[in-house]
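Coordinates in review
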Amino acid sequence: MASILLVFASLSGNTEEIADIIQSQLKPHADVTRRHIDMDDIEAAELESYDGILFGTYTWGDGDLPYELEDFYDDMEDIDLKGIPAACFGSCDSSYLEYGAAVDTVSMKLQKKGAVLVEPNLKIELDPEGEEITRCEEFAQQFLVKWKIHLQKA
Ligand SMILES: Cc1cc2nc3c(=O)[nH]c(=O)nc-3n(C[C@H](O)[C@H](O)[C@H](O)COP(=O)(O)O)c2cc1C
């Protein structure tokens, strides 16, 4: 079965909740490896080893990356993700000017390193509730559809 890396940074658990919903959708269709940056041991080079990447992050400071993601992000400079389908998600807070900016930063980096962004960035207001849960499920389902098409072409 083809493999997907579900990797995320989450301090207070909101991005992790989004990751949980995504994981529940992916599970029957792919071999999913889940990594919590800061809690699990993961090097940026590990991103190269999967057939697909789902990357989640919350936003800190003034539209900044979380501290625990900074080294990982810098190390991404030295990897090659050529042609790997990817998508990004994260919990955000609309009371801040730079809404979910870290999600955009990470997705730009993935693309710079050659990954193919197959879904628009998913930004969820704080913890997913009601309609937002459906948006997370649809995001995962859409990713799967495009990911499978991509694998067939490769
Ligand atoms: C000091 C601080 C700075 C933040 N800056 C931003 C920001 O610039 N943009 C944004 O969308 N959210 C910002 N947030 C909100 C967090 O991203 C939000 O609380 C998110 O749900 C945390 O996700 P987590 O539960 O996965 O850790 C900030 C929160 C704190 C405490």
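Residues numbered from 1 in each chain as written. Predicted model: local features only at pLDDT ≥ 70, side-chain atom pairs only at ≥ 80, totals over all residues. Heavy atoms only, no water.

A word on the site of the ligand. Around the ligand, the surrounding shell holds 20 residues, and the nearest of these are Ser10, Leu11, Ser12, Asn14 and Ser91. In the environment of the ligand, an oxygen atom lies 2.8 Å from a nitrogen or oxygen atom belonging to the backbone of Gly63. Taking Asp93, its main chain carries an N or O atom lying 3.1 Å from an oxygen atom of the ligand. Computed on the free molecule, the ligand has an accessible area of 640 Å², of which 84% lies beneath the protein chains in the complex. Mapped onto the shell around the ligand, the elements with two or more residues apiece are helix H1 (14–26) and strand S4 (85–92). Split into classes, the residues belonging to the shell around the ligand amount to seven nonpolar, ten polar and three charged. (Near = heavy atom within 4 Å. Polar contact = N/O pair within 3.5 Å; in protein donor to acceptor, adjacent residues only side chain to side chain. Areas by Shrake-Rupley, 256 points an atom, 1.4 Å probe, with all protein chains shown as cover. Helix = DSSP H or I, 4+ residues; strand = E, 2+ residues; numbered from the N terminus. Nonpolar A, V, L, I, M, F, W, Y, C, P; charged D, E, K, R; others polar.)

Another point: the UniProt feature "domain: Flavodoxin-like" (unreviewed entry) in the protein. UniProt annotation of "domain: Flavodoxin-like" (unreviewed entry) refers to residues 4–144 when read in the numbering used here. Helix and strand shares over residues 4–144 are 34% and 21% respectively, and the end C-alpha atoms of the span are 10 Å apart. (UniProt positions renumbered as here; feature names shortened; annotations may be inferred.)

Quick look at the packing of aromatic side chains now. Taken as a whole and judged by the stated rule, the model has three aromatic pairs. Here Phe55 and Phe72 contribute two aromatic rings whose centre-to-centre distance is 6.0 Å and whose plane-to-plane angle is 70°, an arrangement assigned as edge-to-face. In this pair, Phe55 is assigned in strand S3 (residues 52–56) and Phe72 in helix H2 (residues 67–75), connecting sequence segments 17 residues apart. There is no split in this pair, since Phe55 and Phe72 are both buried. With 6.0 Å between their ring centres and 85° between their planes, Tyr58 and Trp60 make a pair best called edge-to-face. (Phe/Tyr/Trp six-rings, centres within 6.5 Å; stacked < 30°, edge-to-face > 60°. Buried < 20%, exposed > 50% of the residue type's maximum accessible area, 1.4 Å probe, protein only.)

Quick look at the nonpolar core now. Ile37, Leu47, Phe55, Phe72, Met76, Leu81 and Leu110 are the most contacted members of the largest nonpolar core, which has 26 residues in total. Among the elements of the structure, strand S1 (3–8), S3, H2, S4 and helix H3 (101–112) are those that each provide at least two residues to this core. Residues in contact with Leu110, not counting those within four places in the same chain, are Leu47, Phe55, Met76, Leu81, Ala86, Cys88 and Ala115. Counting 22 residues, the second largest nonpolar core, distinct from the first, contains Leu26, Leu54, Ala87 and Phe143. (Core = buried A, V, L, I, M, F, W, Y, C linked by side-chain atoms within 4.5 Å. Contact = heavy atoms within 4.5 Å.)

Once that is clear, we can look at unusual backbone geometry. Among all residues except glycine, the phi angle is most often negative; among peptide bonds, the trans geometry is most common. The phi torsion at Asp38 lies on the positive side, around 95°, for a residue other than glycine. One can find Asp38 in the loop between strand S2 (31–36) and S3. One non-glycine residue, Leu126, lies in the positive phi region at around 50°. Mapping Leu126 onto the fold places it in the loop between strand S6 (122–125) and helix H4 (131–153). The class of Leu126 is partly exposed, set by a relative accessible area of 36%.

When H2 is considered as a whole, its buried residues turn out to be Leu69, Phe72 and Tyr73. The arc that holds the buried residues of H2, viewed along the axis, is 105°, so those residues lie on one side. Along H2, exposed side chains directed more than 90 degrees from the buried face belong to Tyr67 and Asp71. Looking at the buried residues of H2, the elements they touch are S3 and H3. (Arc of directions from axis to C-beta.)

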